[in-house]
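Fold and contact review
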Amino acid sequence: MAGNEKKHEDKKMIHIRINDQELKVPEGITVVEAAHEAGVKIPTLCHLDLHDIKMVNQTASCRVCMVELVDASGNRNRLVPACVTKAHEGMAVRTDTIRAITARRMAVELLLSNHPNECFTCPKNLECELQSLAEELNVREIRWEGERMDYPKDLSSDAIVKDSNKCIYCRRCETMCNEVQTCGILSGIGRGFEAFVGPAFNIPMVESSCTYCGQCVQVCPTAALTEAYHVDKVWEAINDPDKHVIVQTAPAIRVALGELFGMEPGTIVTGKMVTALKRMGFDAVFDTDFGADLTIMEEASELIYRIQNNKTLPILTSCCPAWVKFIEHQFPELLEVPSTCKSPHIMFGTIAKTYYAEKNGIDPDNIVVVSIMPCIAKKAEAKRPELTKDEHNNVDIVVTTRELGAMIKEAGIEFVNLPESEYDRPLGETTGASVIFGTTGGVIEAAVRTAYEWMTGEELKNVEFEQLRGMDGFKKATVRVGDKDLRIGIASGLGNARELLEEIREGKDKYDAIEIMACPGGCIAGGGQPYHHGNYEIVKKRQEAIYQEDRNKKLRKSHENPEILKLYKEYLGEPFGEVAHRLLHTHFEERERI
Amino acid sequence: MAKTRTNIMVCGGTGCLATESDKVMKNLEVIIKARGYADEVQVIRTGCFGFCEQGPIVKIEPDNVFYVKVGPKDAKDIVDEHIVKGRRVERLLYEEPVEKEKVNKQEDMPFYKKQVRVALRNCGLINPEDIYEYVALGGYEALGKAITEMTQDQVIDIVKKSGLRGRGGGGFPTGLKWEITKKNESDVKFIICNADEGDPGAFMDRSILEGDPHSVLEAMAIGAYAIGADKGIIYIRAEYPLAISRLNTAIKQARELGLLGKNIFGTDFSFDIDLKYGAGAFVCGEETALINSCEGKRGEPNYKPPYPAEEGYWGHPTCVNNVETFANIPPIINRGPEWFASMGTEKSKGTKVFALAGKINNVGLVEVPMGITLREIIFEIGGGIPKGKRFKAVQTGGPSGGVITEEGLDTPIDYDSLLERGSMMGSGGMIIMDEDDNMVNIAKFYLEFTMDEACGRCNTGRIGTKRLYEMLHKITSGKARMADLDALKQLAYMVKDSSLCGLCQTAPNPVISTMKHFWDEYLAFIKDEGHPQGEGRYTPKNKIGMKS
């Protein structure tokens, strides 16, 4: 409430009446917001207000928030959707009339009449907003037996599953895809009863220019859009006695996984997670942060190389596969700009199947690398031909935070009460620099920590660069490195990335280094993370936790990681050198834009 | 026209073209040429005469003889008898059905007697492909007057005083709409003509565009001047190829004469018009859906406010008016608002075009003053019910309206009285039903239409209309029980209450009004035990939202 009052300070206040309460509210707020201030909850479904990332879905399509607008004469009351109806002076609204209550319940009843009755086996069971609404609005029978939508599931991609039969046409995914991510993949198809959301002409997702960022999955209230499910493959590998199964966990998992077990958002569960993974039967539990430290070694070297040799600047980070696919489809003329570095978990996979395999005398063909990622795009990335062309894949299986949660539950592990354990060595040795890869601004901050010391030869005392932090989708900052100012751009969310890339293409602003993450806020808000259900405060708490985890680390610069230094000394040679190039770098290609 | 002594006007409306009026015209031309009359007799393809039941129509001027049901083979007699010998072809004259007398003058026919043609004034009178014919009858005078002699506010004031209300269905006062759009400051504004006519059976807009396209262009220019727009769009469904072709011709001719383009009549006012084609979605007649479609987006409505007058085409203030509304504008400017307001009722001024269809003798298009009764339209102009059957009901307002029964026949028709009767004006479709029609089936027919045409954006429109239709189907299949009728009624009111736009807010009207007037016909389908067919009154248990 305090926040609300502050927010309302400058606005003109108006008087409205909700049920029997007289209220003073700022002009222009919606009836839903006004009712909330009066302690009246109006149910919503299609409505989604993520103003932190500039997304508000206002399609008013579900009709679940209908309230009765009281006419002055009293006999021409009408129902209006509270999510888009703005409060005005003298307005009187009733949310509690039987007409409004019935209309709201019947709206859910109608949606259910066209929804598959498979809650038990649905991937969104107990996470489904339609399901919760049915309970909240006391739907006890569905009187409308009739035709239901009957479309085949789209299982074409390695990342996203589209089950249009569960689409309630709220259009949240469409707003996310078009307005926030500017990818323009999802939109309304068909008319009337046949309407649902999908790519143009309902082509398979794999043929579209979808980046698989998974933000549509994050906002889908039902299971119309979910991640491709790969849990069974992991169990199969673990139970194969011939396989040496390695698991690596991305930085953002440790600050979100606890939510799936009822823990407070922002709880750091690194140690419990490691214990759980060991109990599940993985042969070695490692950290993607090791790959992140390795990435910094390469990326910082590449940055310095480009600066010293007058090569293409800015350099763009390439850790995010959704972002990489975005540039391939949308800005193929800029493909020279991104760093050629593989993403951290792919680098990790490569090292696991070469260095680690040799060191431990294991046949790389028998090594299975499982990545636990906050991300859906990583599933598709792991299947890219150039990353699977060797005899063995770099990474074999990718599962999301949510899938890991499901596996822990399935294994009967009481997560909350687990003792803590340490990652295995050597690929579990990490620094604070690599942990912050999980948030927007983190990759570039990690790179700066290393580049600073390498370029100046001096020790960096204060490693925290406040100007690179925060939840803003588009940040510009300058970092003084010796006698040079490094111009840095940071974008999270593909719409912001587009803006930044357009600036680069038009030569409007000069940058030396740019970090882009496809998900607004970075990996902590990834498409594979526990559902935030419209509450971005959760994401902010994950971000705070990531920086806390960084502060908890003794070593906070990637080039100080002793296992990384050993890896170069024993195996890779120089950073950005020949062997490193062969193993740790990749290339990008122009893709069609559909 | 100057040298010719006789004009043979052949109806070139879509209805008559479908019954080979183009062949009639071709034959007439060939025979006239062969007889050597090509210099003094001219064959003109006009717009729709309205009397589609009797088409193809051929009218001879200045003799004022009106031939009906003219086939290609009749061309010879028309030329050899009427043109050459000056004798009327008796068998092609209209026969008055009661007295069986032949009628040769248009104005003597019962079909035309009570009509007052304002919007349709030039249809059937001029060659729509010749701008000079339009100009000869006073065309573009109103535009000249408006932009050279009047201020924007004066034009708006005249339209407001005339009492003209939107003819597309809503009945919003046109002058007020113009005023609101004018008041919204912007460098860029648009005026859009809604020619996405979609009510089943209604074709007045098509007839106007086919028969008198310049009246719409002129009115759009006047409207544009009044609201401060310099760009107009006609959103027309692609299924109207003839109207499109005539509009294109008209726009080209108007540009050539400087009536569209830069500095019209030497003033600072510049205005031009583009066509945008719709793919025939009924919902695109809703103005926000129409604007979305014009912008290349999915044709679905937005929540209002903001109204198009505030944020319309590409976010600029936009005024959307219907074809028939526009067609009324030039006469209002020319003849004054008092003249227009002298016709009609207190709150509904002027005339309205109705399309008569269904079980009625004279199927066609009629224009009548507001305030005329349904009885006059159906029994005098429309010639009553065929085969001596009994009148049962009339559906006005197309699929969005409701039925009016015998007891409502003497209601003077205007926007408000129809609403009071649980129906609406709509765009002017009028479907007449006789004693053989089952009203549950009629409701089902309309629901099938709206269900198919709903865009799908809102839940109630997408699933609600489907479930209404399915429930009606269940009833007519004899599988429904009393509880289903209760549920149907509740759903009908809920869909009306909760839908996003006018299409689905009005979609349940046919159900609600047939349930109100023909409850027994619903009951007759119910097979509950203890409830014999057609007997007794059933009171629904749940009365929520059922005020009627």
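Residues numbered from 1 in each chain as written. Chains lettered and ligands numbered in written order. Predicted model: local features only at pLDDT ≥ 70, side-chain atom pairs only at ≥ 80, totals over all residues.

Regarding the overall build of chain B
Counting its regular elements, chain B contains 22 helices and 15 strands. Computed over its C-alpha atoms, the radius of gyration of chain B comes to 24 Å, within 12% of the 24 Å expected for a compact globule of 548 residues. Along the first, second and third principal axes, the C-alpha atoms of chain B reach 80 × 60 × 40 Å. Taking all 548 residues of chain B together, the buried fraction comes to 58%. (Helix = DSSP H or I, 4+ residues; strand = E, 2+ residues; numbered from the N terminus. Rg over C-alpha atoms; globule rule 2.2 N^0.38 Å. Buried ≥ 20, exposed ≤ 12 C-beta atoms within 10 Å, placed from the backbone.)

A closer look at the overall build of chain A
When its secondary structure is counted, chain A shows 19 helices and 19 strands. For 594 residues, the compact-globule estimate of 2.2 N^0.38 gives 25 Å, and chain A sits close to it at 25 Å. Reported as C-alpha extents along the three principal axes, the dimensions of chain A are approximately 85 × 55 × 50 Å. Counting every position in chain A, which comprises 594 residues, the buried fraction comes to 53%. Taking the contacts inside chain A whose residues are at least 6 apart along the sequence as the reference set, 74% of them involve residues at least 24 apart. (Contact = placed C-beta atoms within 7 Å.)

Let's talk about the UniProt feature "domain: 4Fe-4S His(Cys)3-ligated-type" (unreviewed entry) in chain A
This chain's UniProt record puts "domain: 4Fe-4S His(Cys)3-ligated-type" (unreviewed entry) on residues 99–138 of chain A. Structurally, residues 99–138 of chain A comprises 57% helix and 0% strand, and the distance from its first C-alpha atom to its last is 15 Å. (UniProt positions renumbered as here; feature names shortened; annotations may be inferred.)

Details of the sheet that holds strand β1 (residues 6–11) of chain B
Residues and elements named next belong to chain B. Ordered in space as β2-β1-β3-β4, the four strands form an open sheet in which the pairing is mixed. Across the chains shown, the open sheet's two edge strands, defined by having one partner strand only, are β2 (41–46) and β4 (65–67). Neighbouring strand axes in the sheet, compared pairwise and without regard to direction, differ in orientation by 20 degrees on average. Across four bridges, β1 lies against strand β3 (residues 58–61) in antiparallel orientation. (Pairing = 2+ DSSP bridges. Axes fitted to C-alpha atoms, helices over the stretch in contact; angles between N-to-C directions.)

Quick word on the environment of R487(A)
All names here are of chain A. Within the secondary structure, R487 is located in strand β18 (residues 484–492). Since 17 C-beta atoms lie within 10 Å of it, R487 is described here as partly exposed. With 137 residues separating them along the chain, R487 and T350 place their C-alpha atoms 32 Å apart. Non-local contacts of R487, meaning those with residues more than four positions away in its chain, are made with T478, K510, Y511 and D512.

A few points about unusual backbone geometry
Residues and elements named next belong to chain B. Here the bond from G55 into P56 is cis, since omega is -10 degrees, no more than 30 degrees from zero. The topology assignment puts P56 in the loop between β2 and β3. Along the chain, E61 connects to P62 via a cis peptide bond; the corresponding omega equals 5 degrees. Within the secondary structure layout, P62 lies in the loop between β3 and β4.

Points about the sheet that holds strand β6 (residues 78–81) of chain A
Residue and element names in this part refer to chain A. Overall, mixed pairing links the five strands, which are arranged β2-β1-β7-β5-β6 in an open sheet. Only two strands of the sheet have a single partner each, and these edge strands are β2 (21–26) and β6. Averaged over all pairs of adjacent strands, the angle between strand axes in this sheet comes to 40 degrees, irrespective of strand direction. The strands that helix α3 (residues 98–113) touches are β5 (66–69), β6 and β7 (92–94); relative to β5, the one it contacts most, it runs at about 160 degrees.

Some remarks on the domain arrangement of chain B
Residue and element names in this part refer to chain B. Structurally, chain B comprises domain 1 (6–107), domain 2 (131–341), domain 3 (351–432) and domain 4 (439–523). Relative to domain 4, the C-alpha centre of domain 2 lies at a distance of 34 Å. Of the residues in the side of domain 2 that touches domain 4, the class split is seven nonpolar, one polar and two charged. (Domains from an automatic or database assignment. Nonpolar A, V, L, I, M, F, W, Y, C, P; charged D, E, K, R; others polar.)

Looking at the interface of chain A and chain B
The interface is formed by 30 residues belonging to chain A together with 24 residues belonging to chain B. Those elements that provide at least two residues to the side of chain A that touches chain B are α3 and β9 (186–189) of chain A. Looking at the side of chain A that touches chain B residue by residue, the classes come out as 15 nonpolar, ten polar and five charged.

Considerations on the domain arrangement of chain A
Residue and element names in this part refer to chain A. Taken domain by domain, chain A holds domain 1 (2–111) and domain 2 (231–584). Inter-centroid distance (C-alpha atoms) of domain 1 to domain 2 is 42 Å. With five residues of domain 1 at the contact, the number on the domain 2 side is six residues. By residue class, the composition of the side of domain 1 that touches domain 2 is three nonpolar, no polar and two charged.

Some details on the pairing of strand β7 (residues 190–195) of chain B
Each regular strand carries side chains that alternate between the two faces of the sheet. Residues and elements named next belong to chain B. When you tally the buried positions in β7, you get six out of six residues, the bulk of the element. Here β7 shows two buried faces, one formed by F190, I192 and N194 and the other by I191, C193 and A195. Pairing analysis gives six bridges linking β7 to strand β8 (residues 231–237), with the strands arranged parallel. Bridging across to β8, F190 finds its partner in K231.

With respect to the pairing of strand β11 (residues 351–358) of chain B
Residue and element names in this part refer to chain B. Counting buried positions along β11 gives eight out of eight residues, so the element sits mostly inside the fold. Alignment of β11 against strand β12 (residues 364–369), held across six bridges, turns out to be antiparallel. Note on β12: the bridge partner recorded for F354 is V366. For β11 and strand β15 (residues 429–434), the ladder comprises four bridges, and the chain directions are parallel. Paired with A355 across the strands is G429, a residue of β15.

Re the nonpolar core
One finds I246(A) and I222(B) to be the most contacted residues of the largest nonpolar core, which totals 354 residues. The biggest single contributor to this core is helix α10 (residues 213–227) of chain B, with ten residues. Contact partners of I222(B), with chain neighbours within four places excluded, come to A142(B), L143(B), A146(B), V155(B), I329(B) and I333(B). (Core = buried A, V, L, I, M, F, W, Y, C linked by C-beta atoms within 7 Å.)

A look at the environment of A497(A)
All names here are of chain A. For A497, the location among the structural elements is in helix α16 (residues 494–505). You can call A497 buried: it has 29 C-beta atoms within 10 Å. Taking the C-alpha atoms as reference, A497 lies 7.7 Å from A518; in sequence the two are 21 residues apart. Not counting chain neighbours up to four residues away, the residues in contact with A497 comprise W323, F326, A491 and I516.

A short note on helix α10 (residues 321–330) of chain A
Residues and elements named next belong to chain A. Counted residue by residue, α10 has eight buried out of ten residues, so it is predominantly covered. P321, A322, W323, V324, K325, F326, I327 and E328 are the residues of α10 that are buried. Those residues of α10 hidden inside the fold are in contact with α12 (377–381), α16 and β19 (513–517).

Considerations on the environment of E33(A)
Residue and element names in this part refer to chain A. Looking at the element boundaries, E33 is found in helix α2 (residues 31–37). With 18 C-beta atoms counted inside 10 Å, the residue E33 sits in the partly exposed group. Each C-alpha atom, one on E33 and one on A87, is 9.2 Å from the other, the two residues being 54 residues apart in sequence.

Topic: the confidence of the model for chain A
Per-residue confidence for chain A averages 94 on the pLDDT scale, and 98% of its residues sit at or above 70. Segment residues 1–6 of chain A is flagged for pLDDT under 50; beyond a separation of four residues in sequence, or across chains, it makes one contact in the model. (pLDDT = per-residue confidence, 0-100.)

Details of the packing of helix α17 (residues 439–453) of chain B against helix α18 (residues 459–476) of chain B
Residues and elements named next belong to chain B. Close contact between α17 and α18 brings their axes to 9 Å; oriented N to C, the two are set at 150 degrees. If you check the angle between α17 and α18, you find them roughly antiparallel. Classified by chirality, the crossing of α18 by α17 is left-handed. For the pair α17 and α18, the contacting residues are V440, N441, A443, K444, L447, E448, T450 and M451 in the first and T465, K466, L468, Y469, L472, H473, I475 and T476 in the second. For the contact of α17 with α18, the residue count by class is eight nonpolar, five polar and three charged. (Parallel < 35°, antiparallel > 145°, perpendicular 65-115°, else oblique. Left-handed = near helix turned anticlockwise from the far one by under 90°.)

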